[in-house]
Amino acid sequence: MAASVHLVAGKATDSVTHGFLPAAARLGLDVTLLTDRPGVHRFEGTIVECDVSDFREIIAAADGPPAAVFSNSDFLQAPTALAAAYFGLPGKDWRAATRAKNKALMRRHLASSDPVFSADARRVPPDAPYPLIVKPREGVASEDVFLVRDAEELAERVDEIAARRDDPLVAEQYLPGDLYTLETLGDGRELRVLGSFRTSLSPPPFFVEERLEWVEPPPETNQVLKQLECLGVGFGACHTEFVVHEGRAHLIEVNYRLIGDHCDFLLADLLDVPLFEQIWKVHLGEPLEDWPAPPRRHGVAEPIIADRSGELTAAPGPLELDDGPVRLTYLPQRAVGDTVTVTRTNRDYLGTVRAIGPGPEEVDAALARFRANHEWTIA
């Protein structure tokens, strides 16, 4: 009999639709999808509607104890971890999941090892080390994240954000340096570094991710691993963003799930391993497998970013093609006919091009040709 597993999800994501659900099918798992938005998911299996933000509802929705309870949602890691603990299943520590999601708790927990100024955005002291970054305490995708240079600008941004949302805001010290990601996967015994991307951002005051480029993890990676250990992060997939400046690594945020925005597929291709299946397996209690060394290749994920608001009237569909030695894959995140509203966040992505080739020159040239040969029109 196939093992019964529960996948906990909110909105539909490509990571779930094109990654974790097909991987579960390849493993022969019997998936029950628990969600508070059943109408948005393209899944032909069992869907159970419940309040997935409440671990008690996740537990109550189970028809008998499952073999695994898993989520790839930023917002649902803690309730999923609590549900897994209830059933005695492998899972993340709910306290670590809570610290990772709540930026104020993360800063408080790391205060001795990585001191970074952080305060409630409405209670910033006069001697705060401006410039600061104001952001939602539990936000995602660069939404409502701004650089502010003084108290007056901070007050203006806080009022502006509060007009759109009512969740808590934090103000944090701006951390200069080179921005990287660290991708890790743990089975509760071993925490394996999968790799790093170097991230390019839009000009301030916004922080839109414009390009992620596969690089060797920087020498300061061990500092990041120690901070993750301090937070209690060590099971399943984790996507950590950090800056390196003058030999010091400072965490920006910890997303206790697999990297998103189609970089998860790029990561799997670069490693040349069934990554989504491996994540399922550690949640089923299996140890990390020994992987062969990945082939030496260069990879880039480059989103197509809306430059104006309006209706998307022309855009390519999903594509896979070879440009000489470079393999290009394009997945749209918006469809022709969609209304696009520019937000200066990662929500402005129309789609993402992934490119893998022998080196940076070949990859960059192929990306440039891909952009030149395709059209994205917003009317």
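Residues numbered from 1 in each chain as written. Predicted model: local features only at pLDDT ≥ 70, side-chain atom pairs only at ≥ 80, totals over all residues. Heavy atoms only, no water.

Looking only at helices and strands, one finds 10 helices and 20 strands in the protein chain. Taking 379 residues into account, the globule formula puts the C-alpha radius of gyration at 21 Å, and the protein chain, at 21 Å, falls close to it. Based on the C-alpha atoms only, the size of the protein chain along its principal axes is roughly 65 × 50 × 40 Å. Counting across all 379 residues of the protein chain, residues that qualify as buried make up 51%. Pairs at least 24 apart in sequence give 65% of the contacts found in the protein chain among residues at least 6 apart. Counting only carbon and sulfur atoms, one obtains 49% of the accessible surface of the protein chain, whose full area is about 17000 Å². For the protein chain, the distance from the average position of its 38 positive side-chain charges to the average position of its 59 negative side-chain charges is 2 Å. (Helix = DSSP H or I, 4+ residues; strand = E, 2+ residues; numbered from the N terminus. Rg over C-alpha atoms; globule rule 2.2 N^0.38 Å. Buried < 20%, exposed > 50% of the residue type's maximum accessible area, 1.4 Å probe, protein only. Contact = heavy atoms within 4.5 Å. Areas by Shrake-Rupley, 256 points an atom, 1.4 Å probe, with all protein chains shown as cover. Lys, Arg positive; Asp, Glu negative; His and termini not counted. Charge placed at Lys NZ, Arg CZ, Asp CG, Glu CD.)

By the definition in use, this model includes 3 cavities of 30 Å³ or more. Estimated volume of the largest cavity: approximately 50 Å³. Lining the largest cavity, in full, are Val69, Phe70, Ser71, Gln77, Thr80, Ala81, Ala84, Gly91, Lys92 and His283. Listed by contribution, the elements that provide at least two residues to the lining of the largest cavity are β4 (68-71) and α3 (77-86). Top contributing element to the lining of the largest cavity by residue count: α3, with 4 residues. (1 Å grid on protein atoms, 1.4 Å probe; cavity = no way out; pocket = protein on both sides within 12 Å on 5 of 7 lines; lining within 4 Å. Points joined across faces, edges and corners; volume = space filled by probe spheres on them.)

Attention shifts here to the sheet that holds strand β5 (residues 118-120). Spatially, 4 strands are ordered β5-β8-β6-β7 in an open sheet, and the strand pairing comes out antiparallel. Because the sheet does not close on itself, it has two edges, and the strands there are β5 and β7 (146-148). The mean angle between the axes of side-by-side strands here comes to 30°, regardless of whether they run parallel or antiparallel. Alignment of strand β6 (residues 132-136) against β7, held across 3 bridges, turns out to be antiparallel. Opposite Ile133, over in β7, you have Leu147 as the bridge partner. Sheet strands touched by helix α6 (residues 151-162): β6, β7 and β8 (169-173). Its angle to β7, the strand with the most contacts, is close to 150°. (Pairing = 2+ DSSP bridges. Axes fitted to C-alpha atoms, helices over the stretch in contact; angles between N-to-C directions.)

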